[in-house]
Amino acid sequence: GGIITQTPKFLIGQEGQKLTLKCQQNFNHDTMYWYRQDSGKGLRLIYYSITENDLQKGDLSEGYDASREKKSSFSLTVTSAQKNEMAVFLCASRENSYAEQFFGPGTRLTVL
Amino acid sequence: QQQVRQSPQSLTVWEGETAILNCSYEDSTFDYFPWYHQFPGESPALLIAIRPVSNKKEDGRFTIFFNKREKKFSLHIADSQPGDSATYFCAARDNYAQGLTFGLGTRVSVFP
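Residues numbered from 1 in each chain as written. Chains lettered and ligands numbered in written order. Predicted model: local features only at pLDDT ≥ 70, side-chain atom pairs only at ≥ 80, totals over all residues. Heavy atoms only, no water.

**Digging into the overall build of chain A**
Next, step 1: Check the secondary structure of chain A and you find zero helices and 11 strands.
Next, step 2: When the helices and strands of chain A are placed in sequence order, the string is β-β-β-β-β-β-β-β-β-β-β.
Next, step 3: Over its C-alpha atoms chain A spans a radius of gyration of 13 Å, differing by no more than 12% from the 13 Å that the globule rule assigns to 112 residues.
Next, step 4: Along the three orthogonal principal directions, the C-alpha set of chain A runs to about 40 × 25 × 25 Å.
Next, step 5: Accessible surface computed for chain A: about 5,600 Å², of which carbon and sulfur atoms make up 46%.
Next, step 6: Here chain A contributes 13 positive and 12 negative side-chain charges, whose respective centroids are spaced 5 Å apart. (Helix = DSSP H or I, 4+ residues; strand = E, 2+ residues; numbered from the N terminus. Rg over C-alpha atoms; globule rule 2.2 N^0.38 Å. Areas by Shrake-Rupley, 256 points an atom, 1.4 Å probe, with all protein chains shown as cover. Lys, Arg positive; Asp, Glu negative; His and termini not counted. Charge placed at Lys NZ, Arg CZ, Asp CG, Glu CD.)

**Concerning the interface of chain B and chain A**
Quoted interface sizes are often the accessible area lost when the parts come together.
Next, step 1: In this complex, chain B contributes 15 residues to the contact, which on the side of chain A involves 20 residues.
Next, step 2: Buried surface at the junction of chain B and chain A, both sides included, amounts to about 1,500 Å², of which 50% is carbon and sulfur.
Next, step 3: Where chain B meets chain A, there are zero salt bridges.
Next, step 4: Here chain B is connected to chain A by four residue pairs in polar contact (both at pLDDT 80 or more).
Next, step 5: Within the residue set of the side of chain B that touches chain A, elements represented by two or more residues are β4 (30-38) and β9 (86-94) of chain B. (Contact = heavy atoms within 4.5 Å. Buried area = accessible area lost by both parts, 1.4 Å probe. Salt bridge = Lys/Arg side-chain N within 4 Å of Asp/Glu carboxyl O. Polar contact = N/O pair within 3.5 Å; in protein donor to acceptor, adjacent residues only side chain to side chain.)

**Considering the environment of B:Thr12**
All names here are of chain B.
Next, step 1: On the secondary structure map, Thr12 appears in strand β2 (residues 10-14).
Next, step 2: In this structure Thr12 comes out as exposed when scored by relative accessible area, which is 53%.
Next, step 3: In the structure, Thr12 is positioned 73 residues away from Ser85 in sequence and 9.0 Å away in space, judged by C-alpha atoms.
Next, step 4: Not counting chain neighbours up to four residues away, the residues in contact with Thr12 comprise Ser109 and Phe111. (Buried < 20%, exposed > 50% of the residue type's maximum accessible area, 1.4 Å probe, protein only.)

**Points about the sheet that holds strand β3 (residues 19-25) of chain B**
All names here are of chain B.
Next, step 1: As summarised here, the arrangement of the five strands in space is β1-β3-β8-β7-β6, forming an open sheet in which the pairing is antiparallel. Only two strands of the sheet have a single neighbouring strand rather than two, namely β1 (4-7) and β6 (56-59). Here the strands of the sheet are splayed against their neighbours by 15 degrees on average, with no regard to which way each runs. (Pairing = 2+ DSSP bridges. Axes fitted to C-alpha atoms, helices over the stretch in contact; angles between N-to-C directions.)

**What to know about the nonpolar core**
Next, step 1: Counting residues in hydrophobic clusters, the biggest one holds 25 residues, and the most contacted among them are B:Leu21, B:Phe33, B:Trp35, B:Phe73, B:Leu75 and B:Tyr88.
Next, step 2: Looking at this core, the elements that each hand over two or more residues are β2, β3, β4, β5 (45-50), β7 (62-67), β8 (72-77), β9 and β11 (106-111) of chain B. (Core = buried A, V, L, I, M, F, W, Y, C linked by side-chain atoms within 4.5 Å.)

**So, the state of the cysteines**
Residues and elements named next belong to chain A.
Next, step 1: Here the structure, examined in full by the defined rule, presents two disulfides over all chains.
Next, step 2: A sulfur-sulfur distance of 1.9 Å marks the disulfide that ties Cys23 to Cys91. Judged by the sign of its S-S torsion, about -75 degrees, the cystine formed by Cys23 and Cys91 is left-handed. Placement of the pair is Cys23 in strand β3 (residues 19-25) and Cys91 in strand β9 (residues 87-94), with a sequence separation of 68 residues.
Next, step 3: The class of Cys23 is buried, set by a relative accessible area of 1%. (Disulfide = S-S within 2.5 Å.)

**Thoughts on the environment of B:Lys56**
Residues and elements named next belong to chain B.
Next, step 1: Positionally, Lys56 belongs in strand β6.
Next, step 2: Judged by relative accessible area, Lys56 falls into the partly exposed class, the value being 42%.
Next, step 3: Along the chain, Lys56 and Phe73 lie 17 residues apart, while their C-alpha atoms are 9.3 Å from each other.
Next, step 4: Each residue touching Lys56, except ones within four places of it in the same chain, is listed here: Ile50, Thr63, Ile64 and Phe65.

In structure tokens, the structure reads:
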């Protein structure tokens, strides 16, 4: 078994601020993801990474940067926080193309 | 453009009834179709998934019906229980993309 941890659990920032969310997994999975979940809008893919130092943009990448410096960790940076992006950010990981995708507990972002 | 459409937005059933949730998709390259459920305050968890080589997948009370020609798939929850009350998301992924494309979710309420 393994676990995905996300820090912080709650993140409060000011509009225009640069904010970083972190994700760690000990599954030894190759692929990691960042999704954003807005109320009533399902989950949308921001970035993913298929291996260490790889980055791939999802449908919602504008306004975000990501970093995969180690296989076990994947960070997401909100480059300039906006009030309309208050949401839950979910990290996920997957071993290979045919494996289940596991989600972390999420980081809830509030922008003041 | 919503590539995976899900209906209904919400569904109420009585205990013991069958709940039916529907999804449709547009992209013919999609070849993996999972259903996730999400309880309040928790992250999504995989419930059941199907690949187009099959038109039906069962796991206990949960069954996916898949129609490749019409690009539709549905989740049937038989003998619904109050503990099944949650938000259910359908999703799809193609062979080349790595992330899942999610529907907007169906909030299911099961009353005793």
